[in-house]
Amino acid sequence: MIAFSGVWGKSDAWDFILTDTLPDLPVTSVFGVYIADGKLALTKNERGWELPGGHVNPGEEFDAALAREMKEEAGVLVETAALFGYVDIRNQSETVHDETGELYPNHAAILFYSVTGMYSGVHDPEEAIACGLFDLDSSEAQGNRLKQFVDAALGKYNT
């Protein structure tokens, strides 16, 4: 089920698909939603506050990439992770990965997981400017489509 949709840049369309099944698409990135005691773990980068996550390295398993990104960016040590959906993105432009120099696939998926674990608050300063736990109704937790992804993790969309 498509929960919501959007466009990145001028022409890269995407849909958020609610599912607990991996897509039959190349996976470029993974993101996690960690909520403890009503507070959401976020990471701050040059774009602002976002969900922790990032690129899957070549040969890396998705759960390993998620655990690595959650620890590096938000200081979350992952205990369990449950897929709740993915972004189905259709790149109309040729986008190059900043680190590898390789082109992104024209049609790919970005996975989203609901995460449990422990929040240490210690992040890698080379991966994020800051990290923190925020109330779900805070201004930090409302921006950059965060609310839609968090609502999806909390089951607020009908399937």
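Attention here is on the structure that accompanies the text. (Residues numbered from 1 in each chain as written. Predicted model: local features only at pLDDT ≥ 70, side-chain atom pairs only at ≥ 80, totals over all residues. Heavy atoms only, no water.)

## Overview of the environment of Pro 23
Here is step 1 of the chain: Structurally, the position occupied by Pro 23 is in the loop between β2 (12-18) and β3 (27-36).
Here is step 2 of the chain: By relative accessible area, which is 13% here, Pro 23 ends up buried.
Here is step 3 of the chain: Separated by 88 residues in sequence, Pro 23 and Leu 111 place their C-alpha atoms 8.8 Å apart.
Here is step 4 of the chain: Those residues in contact with Pro 23, other than ones at most four positions away along the chain, are Tyr 86, Ala 109 and Leu 111. (Helix = DSSP H or I, 4+ residues; strand = E, 2+ residues; numbered from the N terminus. Buried < 20%, exposed > 50% of the residue type's maximum accessible area, 1.4 Å probe, protein only. Contact = heavy atoms within 4.5 Å.)

## Remarks on the packing of aromatic side chains
Here is step 1 of the chain: Summed over all chains, the structure comprises 13 aromatic pairs.
Here is step 2 of the chain: Between Trp 49 and Phe 134, the aromatic rings sit 4.7 Å apart at their centres with planes inclined by 65°, giving edge-to-face as the arrangement. Here Trp 49, found in strand β5 (residues 48-50), pairs with Phe 134, found in strand β9 (residues 130-135); they are 85 residues apart in sequence, far enough to count as distant.
Here is step 3 of the chain: Judged by centre distance (4.4 Å) and plane angle (5°), the rings of Phe 112 and Phe 149 are stacked. Here Phe 112, found in strand β8 (residues 107-119), pairs with Phe 149, found in helix α2 (residues 146-153); they are 37 residues apart in sequence, far enough to count as distant.
Here is step 4 of the chain: A relative accessible area of 5% means that Phe 112 is categorised as buried.
Here is step 5 of the chain: By way of ring pairs, the aromatic residues Phe 4, Trp 8, Trp 14, Phe 16, Phe 31, Phe 84, Phe 112, Phe 149 and Tyr 157 are connected into one cluster. (Phe/Tyr/Trp six-rings, centres within 6.5 Å; stacked < 30°, edge-to-face > 60°.)

## Quick word on the pairing of β2
Here is step 1 of the chain: The element β2 is largely enclosed, with a buried count of six among its seven residues.
Here is step 2 of the chain: Relative to β2, strand β1 (residues 2-8) is paired through six bridges, and the arrangement is antiparallel. When the sheet's bridge partners are listed, Ser 5 is paired in β2 with Asp 15.
Here is step 3 of the chain: A loop of three residues connects β1 with β2, the two strands running antiparallel in sequence, and Gly 9 in this loop sits at a positive phi of about 65°.
Here is step 4 of the chain: Pairing of β2 with strand β7 (residues 76-90) involves six bridges; the strand directions are antiparallel. Following the sheet pairing, Phe 16 is matched in β7 by Val 87. (Pairing = 2+ DSSP bridges.)

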